[in-house]
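Okay, here's what each chain looks like letter by letter:
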Amino acid sequence: MVLSPPRLDDVDAHLAGDDELLVRWLSGEPATRAGTEAYFRHCIEQWATCGPLRAFGIRTAARRTLVGYIDLRFDVVGLEPGQGNISYALYPDWRGQGLVTRAVRLICRYAAAEGVTQAVIRVDPENRASAAVARRSGFIHDKQLLEDDGNRTDWYLLGLPDEGVLPSA
């Protein structure tokens, strides 16, 4: 498994992988071609300008098939200096294989190299699968908050040591 920035030729794979769980836990509505292309362009621009969003496609190592995505954000409301927010999604055919846990470990390495000292994963309290990923990745439940949008989220935290001593993926 590898992480790499999204590309416009990933749009079809993303649209094929969009399902009711991604809609429920992340987007709130089914993905459209226009919306996905616009978002991927935004992600590409963020990479080019060193913006506050660093999005990655989660890909199989052998064929580089897009199986999901993970991102690191530096500008989420409520984050303290040194914190970075991680969010992730895996397409249905690839769930249950430990890929997201490995992706979280990899993005934590990247975050540490970018100066993040504490990674944050925010999870809807009913999303047990996502919370399990956070726990398997070494994150500890810190608090539950009522967000500005009226939704509750559980915050999981992980202190990031120097890049060289993070667990391997």
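Residues numbered from 1 in each chain as written. Predicted model: local features only at pLDDT ≥ 70, side-chain atom pairs only at ≥ 80, totals over all residues. Heavy atoms only, no water.

Q: Give a description of the overall build of the chain that names residues and reports values.
A: Counting its secondary structure elements, the chain contains five helices and seven strands. Listing each helix as α and each strand as β along the chain from the N terminus yields β-α-α-α-β-β-β-α-β-α-β-β. Its C-alpha atoms give the chain a radius of gyration of 15 Å, within 12% of the compact-globule value 15 Å for 169 residues. Projected onto the principal axes, the alpha-carbon positions of the chain cover approximately 35 × 35 × 35 Å. Within the span of the chain, comprising 169 residues, buried residues form 42% of the whole. Residue pairs at least 24 apart in sequence account for 61% of intrachain contacts in the chain once pairs closer than 6 positions are excluded. Carbon together with sulfur atoms contributes 51% to the accessible area of the chain, which is approximately 9,000 Å² in total. Of note, the chain has its 19 positive side-chain charges centred 6 Å away from the centre of its 23 negative side-chain charges. (Helix = DSSP H or I, 4+ residues; strand = E, 2+ residues; numbered from the N terminus. Rg over C-alpha atoms; globule rule 2.2 N^0.38 Å. Buried < 20%, exposed > 50% of the residue type's maximum accessible area, 1.4 Å probe, protein only. Contact = heavy atoms within 4.5 Å. Areas by Shrake-Rupley, 256 points an atom, 1.4 Å probe, with all protein chains shown as cover. Lys, Arg positive; Asp, Glu negative; His and termini not counted. Charge placed at Lys NZ, Arg CZ, Asp CG, Glu CD.)

Q: Tell me about helix α4 (residues 99-113), residues and numbers included.
A: Here α4 is 15 residues long and its end C-alpha atoms lie 21 Å apart, about the 21 Å a rise of 1.5 Å per residue gives. Turning to α4, its buried residues are Leu99, Val100, Thr101, Ala103, Val104, Ile107, Cys108, Ala111 and Ala112. Immediately downstream of α4, the backbone of glycine 115 shows phi near 95°, a positive value. (Expected span 1.5 Å × (residues − 1).)

Q: Quick one: what's the story with the environment of arginine 152, residue by residue and with numbers?
A: As for its placement among the helices and strands, arginine 152 is situated in strand β7 (residues 152-159). With 29 residues separating them along the chain, arginine 152 and valine 123 place their C-alpha atoms 8.4 Å apart. Discounting chain neighbours no more than four positions away, the residues touching arginine 152 are Val123, Asp124, Pro125, Gln144, Leu145 and Leu146.

Q: Just give me the short version of the sheet that holds strand β3 (residues 66-73), but keep the residues and values in it.
A: Backbone hydrogen bonds hold the strands of a sheet together, and the pairing may be parallel or antiparallel. Strand order in this open sheet of seven strands is β1-β2-β3-β4-β5-β7-β6, and the pairing throughout is mixed. One side of each edge strand has no neighbouring strand; the edge strands of this open sheet are β1 (2-4) and β6 (140-146). Each neighbouring strand pair of the sheet contributes to a mean axis angle of 30°, computed without reference to strand direction. Of the strand pairs in this sheet, strand β5 (residues 118-123) and β7 are connected by six bridges, and their pairing is antiparallel. Bridged to alanine 119 within β7 is leucine 158. Its contacts with the sheet place helix α2 (residues 20-27) against β3 and β4 (83-90), and it is angled at close to 165° to β4. Most of the contacts of α4 go to β3, to which it runs at about 35°, and overall it touches β1, β2 (53-59), β3, β4, β5 and β7. (Pairing = 2+ DSSP bridges. Axes fitted to C-alpha atoms, helices over the stretch in contact; angles between N-to-C directions.)

Q: Describe the pairing of β6, listing the residues and the values that go with them.
A: Sheet topology places β6 next to β7; six bridges connect them, and they run antiparallel. Bridge pairing in β7 places isoleucine 140 opposite leucine 157. Once β6 ends, the chain turns through five residues before running back antiparallel as β7, passing glycine 150 with a positive phi of about 90°.

Nothing here speaks to function; it is all geometry.
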